[in-house]
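Summary of the model geometry
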Amino acid sequence: MNPAQHAAAVAAEAAGFVATVKAADLSAPVPTCPGWTLADLTRHVGSVHRWFTELLRRGVQQPPTSRDVDLRLPEEPAGLPDWLAMSAAEAAEVFAVTDLDAPMWAWGVDQHARFWVRRMLFETLVHRADAELALGISPHIDRALAVDGIDEFLTNLPFASSFAPLTAELRAADRTVRFSCTDGGDGDGDWLIGLRPDGFALITDEAGSRTADATVRGTAEDLLLLLYGRLDRGSDSFDLVGDQDLLTHWFTHSAF
């Protein structure tokens, strides 16, 4: 997916989130985000939109020293869905006037403005799924979007230790974990991660010829939700092959 597609998908995911929570009881708990209600979840997503939008406006070239931003929160929780919709609309306006290929500081690999649009997309998408799960709705994620989300997650995870400190423990003596989609695609849908004594990273394996020490297979949609901790790897949705202790190590330390 390209930056324009990411920007369009942010708008679509935000609209889906708003539609999900608009008529819901915002005091309802969100089991996949322990301790949060739907109001908390909506406030979080809108805050992320406004913070990332501010970063894009400023085109920051160094890590920001403050996260202060005028959230303009509504006075009552009932106003949160409309507030989120306005946050997304404001983000779309900034996307439209920003060179998304311009160099910009980011905490992940891609040091360009487009990093923040892609990150906003999957922050919104995963939390849209959280809202649906809280209301007993089975989330649906387009396969191409799910594949892109898996790639974004695994590409940036090695750089997430500042806010996901357990990832610093994702080390092993040259072991590999593979995530593989079972729902087809044109040569996409397969990722090999190498764990070394000094860290971990994706390994290029275009032919998929390397044998991994442990493999997780599932649909792209399910794998994305699994990586974000929204599904249990012990469910029938997944086929787990190889070193189970290695998989336990991965999932114990990869919380995002």
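Residues numbered from 1 in each chain as written. Predicted model: local features only at pLDDT ≥ 70, side-chain atom pairs only at ≥ 80, totals over all residues. Heavy atoms only, no water.

Notes on the nonpolar core
- One finds Trp116, Ile150, Leu154, Phe179, Leu195 and Trp250 to be the most contacted residues of the largest nonpolar core, which totals 60 residues.
- Val18, Ala39, Val45 and Ala131 belong to the second largest nonpolar core, which has 15 residues in total. (Core = buried A, V, L, I, M, F, W, Y, C linked by side-chain atoms within 4.5 Å. Buried < 20%, exposed > 50% of the residue type's maximum accessible area, 1.4 Å probe, protein only.)

Quick look at the packing of helix H1 (residues 3-21) against helix H4 (residues 114-134)
- Put simply, H1 and H4 touch, their axes get as near as 9 Å, and they point 25° apart. Here H1 is positioned roughly parallel relative to H4, judged by the angle of their axes. Viewed along their axes, H1 and H4 form a crossing whose handedness is left-handed. Residue-level inspection shows Pro3, His6, Ala7, Ala9, Val10, Glu13, Ala14, Gly16, Phe17, Thr20 and Val21 of H1 in contact with H4, the latter providing Arg114, Val117, Arg118, Met120, Leu121, Thr124, Leu125, His127, Arg128, Ala131 and Glu132.
- Here the contact of H1 with H4 is built from residues that sort into 12 nonpolar, 5 polar and 5 charged. (Axes fitted to C-alpha atoms, helices over the stretch in contact; angles between N-to-C directions. Helix = DSSP H or I, 4+ residues; strand = E, 2+ residues; numbered from the N terminus. Parallel < 35°, antiparallel > 145°, perpendicular 65-115°, else oblique. Left-handed = near helix turned anticlockwise from the far one by under 90°. Contact = heavy atoms within 4.5 Å. Nonpolar A, V, L, I, M, F, W, Y, C, P; charged D, E, K, R; others polar.)

Quick word on the pattern of salt bridges
- This model, assessed by the stated rule, comprises 22 salt bridges.
- Linking Arg118 and Asp148 is a salt bridge whose minimum nitrogen-to-oxygen distance equals 3.1 Å. Here the residue Arg118 occupies a position in helix H4, and Asp148 occupies one in helix H5 (residues 143-156), the gap between them amounting to 30 residues.
- A residue is classified by how much of its surface remains accessible, and Arg118, at 18% relative accessible area, is buried.
- In this structure, the salt-bridge partner of Arg196 is Asp198, at a minimum N-O distance of 2.8 Å.
- Taking relative accessible area as the criterion, Arg196 reaches 33% and is therefore assigned partly exposed.
- Where salt bridges share partners, they join Arg50, Glu54, Arg57, Arg72 and Glu90 into one cluster. (Salt bridge = Lys/Arg side-chain N within 4 Å of Asp/Glu carboxyl O.)

Section: unusual backbone geometry
- Its identity as a non-glycine residue notwithstanding, Arg72 has a phi of 55°, on the positive side.
- Position of Arg72 relative to the elements: it lies in the loop between helix H2 (38-58) and helix H3 (80-97).
- You can call Arg72 partly exposed: its relative accessible area is 44%.
- Residues other than glycine seldom take positive phi values, yet Asp174 does so here, at roughly 55°.
- If you trace the backbone, Asp174 turns up in the loop between H5 and strand E1 (175-181).
- Assessed through its relative accessible area of 59%, Asp174 is described here as exposed.

Here's the deal with H4
- For H4, built from 21 residues, the straight-helix expectation of 30 Å at 1.5 Å per residue is met to within 8% by its first-to-last C-alpha distance of 31 Å.
- For H4, the tally of buried residues reaches 18 of 21 residues, placing the bulk of the element in the interior.
- The positive-phi residue at the C-terminal boundary of H4 is Gly136, with phi of around 80°. (Expected span 1.5 Å × (residues − 1).)

A few points about the sheet that holds strand E4 (residues 214-218)
- The sheet built from 5 strands is open, its strands ordered E3-E2-E1-E4-E5 with mixed pairing. Here the strands that pair on one side only, and so sit at the sheet edges, are strand E3 (199-203) and strand E5 (239-242). Strand-to-strand twist across the sheet, computed as the mean angle between neighbouring axes with direction ignored, equals 20°.
- Pairing between E4 and E5: 4 bridges, direction antiparallel. Pairing of Val216 across the sheet is with Leu240, part of E5.
- Docked against the sheet, helix H7 (residues 244-253) engages E1, strand E2 (190-196), E3, E4 and E5, running at close to 80° with respect to E1. (Pairing = 2+ DSSP bridges.)

What to know about H2
- Over its 21 residues, H2 extends 30 Å from the first C-alpha to the last, a length consistent with the 30 Å expected when each residue adds 1.5 Å.
- Extensive coverage of H2 is indicated by the burial of 15 of its 21 residues.
- Trailing H2 by a residue or two, Gly59 shows a phi angle of about 55°, which is positive.

Geometry only, nothing functional implied.
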